[in-house]
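# Structural overview
As a plain string of letters, each chain reads:
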Amino acid sequence: MSLRLVAAMAVLSLCLGGLFWMRGSEEPQRMVAVSDAKQPRLILYNGEEIALGMEKEGEQTVYHPYFIINRKEKSIIYSDSVATEEKEMHYNLLEVPRGAEYELVLPDGTHVWLNADSRLRFPTHFDREERRVSLEGEAYFQVAKEADRPFRVEAFSQMVEVLGTEFNVYAYQNEDLMYTTLVGGRVAIALEGSEERQVLLPGQQAMVGKRDGSVVVREVSITQVVDWKNGMFVFDEQPLEVILRKAARWYDVEIS
């Protein structure tokens with residue numbers, strides 16, 4: 001048996017053991033499944049909160065002047081048809097807790113998949129100059145193409161600008177690094193206070209340090225980065241602590 005295989009088996013054993021050991025518990029507890037977790041919520045600009053994810057008896061679809069919520073499909077579809085130049089722009093917040101995920105279609109037709117423990121702030125409609133949202137956590141974006149109106153994602157000190165493409169942003173509060181991975185098209189990474197922009201090509205990932213503002217671009221496996229969107233974990237030569245942090249978010253558990 002090779003040393004690499006032995007090491008892989010040891011790491012797998014540690015991961016499985018860690019997932020079933022809760023902090024402060026004397027006995028292992030049942031792992032929290034995604035369906036058992038707290039549900040996402042949509043916080044409207046007026047303070048109203050709408051619970052998402054779980055179907056209410058006799059209510060699978062919720063209609064609103066700006067959007068339609070499909071509880072069965074766990075998705076929100078926004079509409080820009082009621083927007084006018086005179087209408088005031090309001091910002092809503094979609095919060096996805098640990099152990100859950102959610103899909104959102106923005107007013108311009110852009111699809112956003114939010115991973116566990118993530119928050120997306122977005123307007124009820126976009127203005128003529130740009131399309132801008134703010135992210136904390138992880139999200140996969142499939143941006144609707146509009147050559148004259150760029151799409152921008154704010155994530156702490158990082159700004160990702162695109163015209164029409166697919167990419168993944170990983171930017172959690174408790175992580176020292178932010179990752180932007182380009183699946184297709186073209187994106188530009190800019191840091192707060194700097195005029196320099198780093199352009200990514202498909203298959204490349206920008207790794208940005210929150211503390212020092214360093215930017216490292218590297219080639220990555222797209223499957224490993226974005227398959228969370230399809231309900232899969234794919235890890236290749238990842239540190240154990242990184243694997244366990246992601247598992248903790250997905251299953252809403254504390255691992256020590």
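Anyway, here's the lowdown on the structure attached to this text. (Residues numbered from 1 in each chain as written. Predicted model: local features only at pLDDT ≥ 70, side-chain atom pairs only at ≥ 80, totals over all residues. Heavy atoms only, no water.)

## Some remarks on the pairing of strand E4 (residues 67-70)
Residues Phe67 and Ile69 of E4 are buried on one face, while the alternating residues Ile68 and Asn70, pointing to the opposite face, are not. Bridging between strand E3 (residues 61-63) and E4 involves three bridges; their strand directions are antiparallel. Bridge pairing in E4 links tyrosine 63 to isoleucine 68. Here E3 folds back onto E4 in antiparallel fashion, the turn holding three residues. Bridge count between E4 and strand E5 (residues 75-78): four bridges; the pairing is antiparallel. Paired with isoleucine 69 across the bridge in E5 is isoleucine 76. (Buried < 20%, exposed > 50% of the residue type's maximum accessible area, 1.4 Å probe, protein only. Helix = DSSP H or I, 4+ residues; strand = E, 2+ residues; numbered from the N terminus. Pairing = 2+ DSSP bridges.)

## Structural notes on unusual backbone geometry
Phi is positive for phenylalanine 156, close to 60°, though the residue is something other than glycine. Turning to its location among the elements, phenylalanine 156 is positioned in the loop between strand E11 (151-155) and strand E12 (158-162). The phi angle at glutamate 237 is positive, at roughly 55°, despite the residue not being glycine. In this fold, glutamate 237 is placed in the loop between helix H2 (222-226) and helix H3 (240-251).

## A closer look at the packing of aromatic side chains
Evaluated as defined, the whole model comprises ten aromatic pairs. With centroids separated by 5.0 Å and ring planes inclined at 10°, the aromatic side chains of phenylalanine 141 and phenylalanine 167 adopt a geometry described as stacked. With phenylalanine 141 in strand E10 (residues 131-142) and phenylalanine 167 in strand E13 (residues 166-171), this residue pair connects regions lying 26 residues apart in the sequence. Of the two residues examined, phenylalanine 141 and phenylalanine 167, each falls in the buried class. Every member of this aromatic cluster is reached through a ring pair, and the members are Phe126, Phe141, Phe151 and Phe167. Over the ring of tyrosine 91 we find arginine 121, and its NZ or CZ is 4.0 Å from the ring centre. The ring centre of phenylalanine 156 lies 4.0 Å from the NZ or CZ of lysine 210, which sits over that ring. (Phe/Tyr/Trp six-rings, centres within 6.5 Å; stacked < 30°, edge-to-face > 60°. Lys NZ or Arg CZ within 6 Å of the ring centre and 35° of its normal.)

## Examining the side chain of aspartate 108
Inspection of the secondary structure assignment puts aspartate 108 in the loop between strand E7 (102-105) and strand E8 (111-114). Polar side-chain contacts of aspartate 108 include one of 2.8 Å to the side chain of threonine 110. In contact with aspartate 108, other than residues within four places in its own chain, are Phe126, Arg131, Ala144, Glu146, Arg149 and Phe151. (Polar contact = N/O pair within 3.5 Å; in protein donor to acceptor, adjacent residues only side chain to side chain. Contact = heavy atoms within 4.5 Å.)

## Focus: the pattern of salt bridges
It is possible for side chains bearing opposite charge to pair when their charged atoms get close. Tallying each qualifying case throughout the model produces 17 salt bridges. One salt bridge connects glutamate 175 with arginine 245, and the closest N-O pair in it is separated by 2.8 Å. You can see glutamate 175 sitting in the loop between E13 and strand E14 (177-184) and its partner arginine 245 sitting in helix H3, a full 70 residues away along the chain. Close ionic contact of aspartate 176 with arginine 211 constitutes a salt bridge, the shortest N to O distance being 3.6 Å. Taken together, the residues aspartate 176 in the loop between E13 and E14 and arginine 211 in the loop between strand E17 (204-209) and strand E18 (215-219) connect sequence positions 35 residues apart. Judged by its relative accessible area of 45%, aspartate 176 is partly exposed. One salt-bridge network, in which partners are shared between bridges, spans Glu130, Arg132, Arg152, Glu154, Glu161 and Arg197. (Salt bridge = Lys/Arg side-chain N within 4 Å of Asp/Glu carboxyl O.)

## Quick notes on the layout of surface pockets
Looking at the largest pocket, its volume works out to about 700 Å³. The wall of the largest pocket is formed by 34 residues, among which Gln205, Gln224, Gln238, Val242 and Lys246 lie closest to the centre. Only E13, E14, E18, H2 and H3 provide two or more residues apiece to the lining of the largest pocket. Residue contributions to the lining of the largest pocket peak at five residues, all from H3. Among the residues making up the lining of the largest pocket, the classes are represented as 15 nonpolar, eight polar and eleven charged. (1 Å grid on protein atoms, 1.4 Å probe; cavity = no way out; pocket = protein on both sides within 12 Å on 5 of 7 lines; lining within 4 Å. Points joined across faces, edges and corners; volume = space filled by probe spheres on them. Nonpolar A, V, L, I, M, F, W, Y, C, P; charged D, E, K, R; others polar.)

## Things to note about H3
Two residues of an α-helix separated by three or four positions point the same way, owing to the 3.6 residues in each turn. The terminal C-alpha atoms of H3, which comprises twelve residues, lie 16 Å apart, in line with the 16 Å expected from a rise of 1.5 Å per residue. Of the residues making up H3, those classed as buried are Val242, Ile243, Leu244, Ala247, Ala248, Arg249 and Trp250. The positive-phi residue at the C-terminal boundary of H3 is aspartate 252, with phi of around 55°. (Expected span 1.5 Å × (residues − 1).)

## Digging into the pairing of E8
Looking at chain direction, E7 and E8 are connected through four bridges and run antiparallel. Each residue of the ladder has a partner; that of valine 105, found in E8, is histidine 111. For E8 and E10, the ladder comprises four bridges, and the chain directions are antiparallel. Bridge pairing in E10 links histidine 111 to glutamine 142.

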